[in-house]
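The chain contents come next:
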Amino acid sequence: MIEDFIKAMAKIILMREMKSYTDARTELDGLSRLVTGFGVEHLRSLGAAGIKYVFSQNKESEAEKIYCSAKLLKEEGLILRSQGNTEESLKCLEISKDLFKSVSDMDIPEKTEALKEYTELKFDINNKF
């Protein structure tokens, strides 16, 4: 699941870099619904604690879904920042940072990547906002 997810995220990142923000957000929301069952707005409204609670109900996919949620919300935050929406961007990036921290404490193959993402987001949030 993670490999296909990463490929889809690469496409979305490319759209953001090409400033196709509407297309990127549409693709991101569709990917979010496919992987987590929730749209990006719903994930954002759940917050880190809500996302962890919802996905902790199924221990088999808990870590993967939290990791994917963190990636989705990070990208949403980066798109929003590119569009000049600093306040909403910061909310997404904070949730993403908290989720990456949680995943970095779990025993999954993406543990190292999650810790790296957490560290980068923590630095980015503290220095750019």
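Residues numbered from 1 in each chain as written. Predicted model: local features only at pLDDT ≥ 70, side-chain atom pairs only at ≥ 80, totals over all residues. Heavy atoms only, no water.

Description of the nonpolar core
So, point 1. Residues Ile51, Leu73 and Leu99 are the most contacted members of the largest nonpolar core, which totals 37 residues.
So, point 2. Those elements that provide at least two residues to this core are α1 (2-17), α2 (21-36), α3 (40-55), α4 (62-82), α5 (86-104) and α6 (111-128).
So, point 3. Sort the elements by how many residues they give to this core and α4 lands first, with nine residues.
So, point 4. Aside from chain neighbours lying at most four places away, what touches Leu73 is Val40, Leu43, Arg44, Ile51, Cys92, Ile95, Ser96 and Leu99. (Core = buried A, V, L, I, M, F, W, Y, C linked by side-chain atoms within 4.5 Å. Buried < 20%, exposed > 50% of the residue type's maximum accessible area, 1.4 Å probe, protein only. Helix = DSSP H or I, 4+ residues; strand = E, 2+ residues; numbered from the N terminus. Contact = heavy atoms within 4.5 Å.)

Considerations on the packing of α2 against α3
So, point 1. Contact pair α2 / α3: the axes reach a minimum separation of 12 Å and the direction vectors enclose 30°. Compared by their axis directions, α2 and α3 come out roughly parallel. Every pair of crossing elements has a handedness; the one defined by α2 and α3 is left-handed. Between α2 and α3, the contacting residues are Arg25, Leu28, Asp29, Ser32 and Thr36 on the first element and Val40, Glu41, Leu43, Arg44 and Phe55 on the second.
So, point 2. A class-by-class count of the residues in the contact of α2 with α3 yields four nonpolar, two polar and four charged. (Axes fitted to C-alpha atoms, helices over the stretch in contact; angles between N-to-C directions. Parallel < 35°, antiparallel > 145°, perpendicular 65-115°, else oblique. Left-handed = near helix turned anticlockwise from the far one by under 90°. Nonpolar A, V, L, I, M, F, W, Y, C, P; charged D, E, K, R; others polar.)

Digging into the confidence of the model for the chain
Predicted coordinates in areas of low pLDDT are best not read in detail.
So, point 1. Summing up the model confidence of the chain, the mean pLDDT is 94 and the portion of residues at 70 or higher is 99%.
So, point 2. Put simply, α6 is where the chain has its lowest mean pLDDT, 93, and α2 is where it has its highest, 97. (pLDDT = per-residue confidence, 0-100.)

Looking at the environment of Leu14
So, point 1. Within the secondary structure layout, Leu14 lies in helix α1.
So, point 2. The spacing of Leu14 and Ser102 is 88 residues in sequence and 27 Å in space, taken between C-alpha atoms.

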